[in-house]
Structure formats: C-alpha cells, structure tokens
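# Architecture at a glance
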Amino acid sequence: DGAGKGWGENVTLAIEDGVAWVTLNRPDKRNAINPGIVYEMTAVMDALEGMDEAEVIVITGAGNAFSAGQDLKEYFRETEAWPPHERDKLFAMNAAWQWRRTMFYRKPTIAAVNGWCFGGAFQVLIGCDLAIAAEDATFGLSEINWGIIPAGIVTKSVSMVMSQRDAMYYIMTGETFDGRQAAEMKLVNKAVPADQLHAEVTKLAQTLKAKNQHVLRGAKTAYHHVRQMGWDQALEYLMAKADSTTFRDRTQGAAKGMSQFIDEKRYRPGLGAYDR
Ligand code: ACO
C-alpha cells in the first residue's frame, strides 16, 4: 500500500504481474474526483514512472463507478473560497493527471471502465491510450444537466475520439449510453461482460508488456503530435522521431527484431513481437 508515500486512501495501487492497477477509491461517492484524488493520483503516477515492476498502467474505479466526474462539492464548491492561486494549482494538477501527463505518460495506460463514467472522467478515459468498458457501464456528458458546458478539456477530448454527431448529441442532450454503445462509437476499444473486465484488460496489458517499451513510448507520443500537424511536417517529424527512437533505444530492439526474423527465423513480425 501507499501509506507514507502519498496515496492509499483515495487511490489504491496493486501490481499484478507487471501491470499496475490504480484504483480510484471513493466508492461511497462514486469515485467523484476531489482534491484528495488529485493529490494521490499525482503521487502514484510520480512513483510508477520509476517502478520497473510496473510496465503497464490500468486506471479503474472501486465499487460500481469508474468515476462520477469532478466532485461538485469538494472540487468545485468548497474550493471557491480558496486563494485563487491555490485553486489554479489544484486545477492544473488535475489537468495533468487526467489527461496531459496520462496521454504522454512513459508507460502504456489503459482505462478499465467498470461503471459510472461522467463529465471530468471522460478526460481520464480519453487521456488513457486504450480503454475497455464493462458492457453495462454508464457514460454521460452530464454537464448540461446541471448547467455548465463540458469544460476542463472534456469537449476537446471528445472531439478527438467521437464523431461530430455523437459528440454533439451527448454534449447537448446529456443522455447516458452504455459500454456496448461506447464500443460501437469507438470511444472505447471494446466492451465485455463486467465479470470479464479484469481478465480482458489483463490480456491487453500483457500484449503491450511484450513490446519494446521505449518504442511504445515513441509511437504513442508521435501519434498525438502528428494529429496536429500538416503532412509535410508530419513526415519530417516522424522520420526524425524514428531515428531518435532507434538511436536512444538502449536495448537495440530494432536490430534484434530484424535479426530474429531474417537471420534466425524465430518469429514472424506480421504475427507477433520479437523476443525482447
Ligand atoms: N460530486 C459530488 N458528489 C457526488 C458526485 C459528484 N460528481 N457523484 C456522486 N456523488 C455523491 C452523492 O452526493 C452521494 O453522496 P452522499 O451519500 O453523501 O449523499 C454519493 O456520492 C452517492 O451518490 P448517489 O447519487 O446517491 O448514487 P447513485 O448510485 O444513486 O447515482 C450517479 C450515481 C448517477 C453517478 C449520481 O451520483 C450522479 O448523477 N452523480 C453526478 C454525476 C455528474 O454529473 N458528475 C459531474 C460531471 S461534470 C464534471 O465532472 C465537470
């Protein structure tokens, strides 16, 4: 547990066979994101970056919720009385763990959406590289229902992964949809029966674990950057990024991968990863 390390109360950590299960742990409050979650998620993500025994990060929720979004009471209302710079600092820390840092995290991230997922929780969901949901999980951009627009970076996030029709529909109606629908609209990679969520996420995490971790980091970073570039810049950037990724790979993975195929005929790259 994280006692004395900065987590363990609002966020728990369990490492299973190279996979770090980070669990938002306020089930009585449907894992609504309060300042405690912000501080503990920051601490746990700091620590996980340096833990070699954690190669893939899974973010999930305790009880029947992934997260009911920002805590309206503790995150919004109660911080109104804070000195403005302290409130800004909290909001910046929240943006960091929910998307900016998660999106560019050194290790692959998977959202395991086990239940309720509202508002600010979409930032986490979309910040993660991949996502698997329980078929009966419930999603909603509920902001309109209580009189605000989906702010933070929620509207930007959904505009990157949902179609315009789906994004506008759910932003404007505040209606909910389930895990199956989330998979159909590709907001998540797939939906599985709730009792298979843990096994399915573990399987995906193990697939990622088998890859070259340094190159995975380069690949996901490149994806996010090229989406914002024109074609010519993207080509220049990707060629340079590929060279620097290979150059900085201390394991010399590409040479190994090529040799294991061409010289040793040990595997087929079209069908699986080389032995790292
Ligand atoms: N902020 C603060 N408290 C919350 C939140 C939240 N986002 N979500 C749930 N809670 C609290 C409730 O106030 C309640 O507290 P209490 O037991 O002290 O009274 C407890 O969690 C349980 O909530 P219920 O509503 O009783 O649980 P139920 O299972 O019936 O419903 C649901 C779950 C649908 C998630 C409901 O709690 C809900 O609508 N929550 C708000 C969802 C939302 O709109 N989130 C904000 C999105 S906007 C944003 O993030 C910027």
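Now for a look at the structure at hand. Everything numeric here is computed off the predicted structure, so don't read it as measured data. Counting from 1, residues in each chain are numbered in the order their sequence is written. This being a predicted model, a pLDDT of at least 70 is required before a residue's local features are given, and a value of 80 or more before pairs of side-chain atoms are given or counted; all residues contribute to the totals for chains, interfaces and linings. Think of the side-chain values as coming from all heavy atoms in the structure, minus any hydrogens and water.

## Observations concerning the side chain of Lys-220
Every helix listed is a DSSP run of H or I at least four residues long, and every strand listed is a run of E at least two residues long, numbered separately from the N terminus. Looking at the secondary structure, you find Lys-220 in helix 10 (residues 213–226). At a separation of 3.1 Å, a polar atom in the side chain of Lys-220 contacts the main-chain carbonyl oxygen of Lys-107. Pairs of residues are marked as contacts when any of their non-hydrogen atoms sit within 4.5 Å. Look past the residues within four positions of Lys-220 in its chain and what remains in contact with it is Thr-102, Met-103, Phe-104, Tyr-105, Lys-107, Pro-108, Thr-109 and Asp-129. Contacts described as polar in this section are N or O atom pairs within 3.5 Å, which, within protein, must combine one atom able to donate a hydrogen with one able to accept it, while residues neighboring in sequence count only if both atoms come from side chains.

## Description of the site of the ligand
Taken together, the neighbourhood of the ligand is formed by 17 residues, with Lys-29, Ala-68, Gln-70, Leu-72 and Ser-142 sitting nearest. Gly-120 is positioned with one of its backbone polar atoms (N or O) 2.9 Å from an oxygen atom of the ligand. Taking Ser-142, its side chain carries an N or O atom lying 2.5 Å from an oxygen atom of the ligand. Burial of the ligand by the protein chains amounts to 61% of its free accessible area of 930 Å². Polar here means any residue other than Ala, Val, Leu, Ile, Met, Phe, Trp, Tyr, Cys and Pro, which are nonpolar, and Asp, Glu, Lys and Arg, which are charged; Gly is therefore polar. Taken together, the residues that form the shell around the ligand break down as seven nonpolar, five polar and five charged. It suffices for a single heavy atom of a residue to lie within 4 Å of a molecule or strand for the residue to be listed as near it. Areas reported as accessible are Shrake-Rupley estimates using a 1.4 Å probe. Residue values count occlusion only from the protein chains shown.

## Remarks on the pattern of salt bridges
What counts as a salt bridge is simple: a side-chain nitrogen of Lys or Arg found within 4 Å of a carboxyl oxygen of Asp or Glu. Going through the model one piece at a time under the given rule, you end up with 14 salt bridges. A single network of salt bridges, built from pairs that share partners, joins Arg-26, Asp-71 and Glu-74.

## Digging into the environment of Arg-26
Looking at the secondary structure, you find Arg-26 in the loop between strand 2 (19–24) and helix 1 (35–49). Considered as a pair, Arg-26 and Val-11 are 15 residues apart in the sequence and their alpha carbons are 8.0 Å apart. A distance of 2.9 Å separates polar atoms of two side chains, one belonging to Arg-26 and the other to Asp-71.

## Topic: the sheet that holds strand 8 (residues 138–140)
In short, DSSP must find at least two bridges between two strands for them to pair. Strand order in the open sheet made by the four strands is 4-6-8-9, with mixed pairing throughout. Among the strands making up the open sheet, the edge pair consists of strand 4 (65–67) and strand 9 (176–178). Taken over all neighbouring pairs, the strand axes of this sheet differ in orientation by 20° on average, direction set aside. Bridge analysis of strand 6 (residues 116–118) against strand 8 gives two bridges, and the strand direction is parallel. Of the residues in strand 8, the one forming a bridge with Cys-117 is Phe-139. Helix axes are fitted only over the stretch in contact, all axes being lines through C-alpha atoms; the angle between N-to-C directions runs from 0 to 180 degrees.

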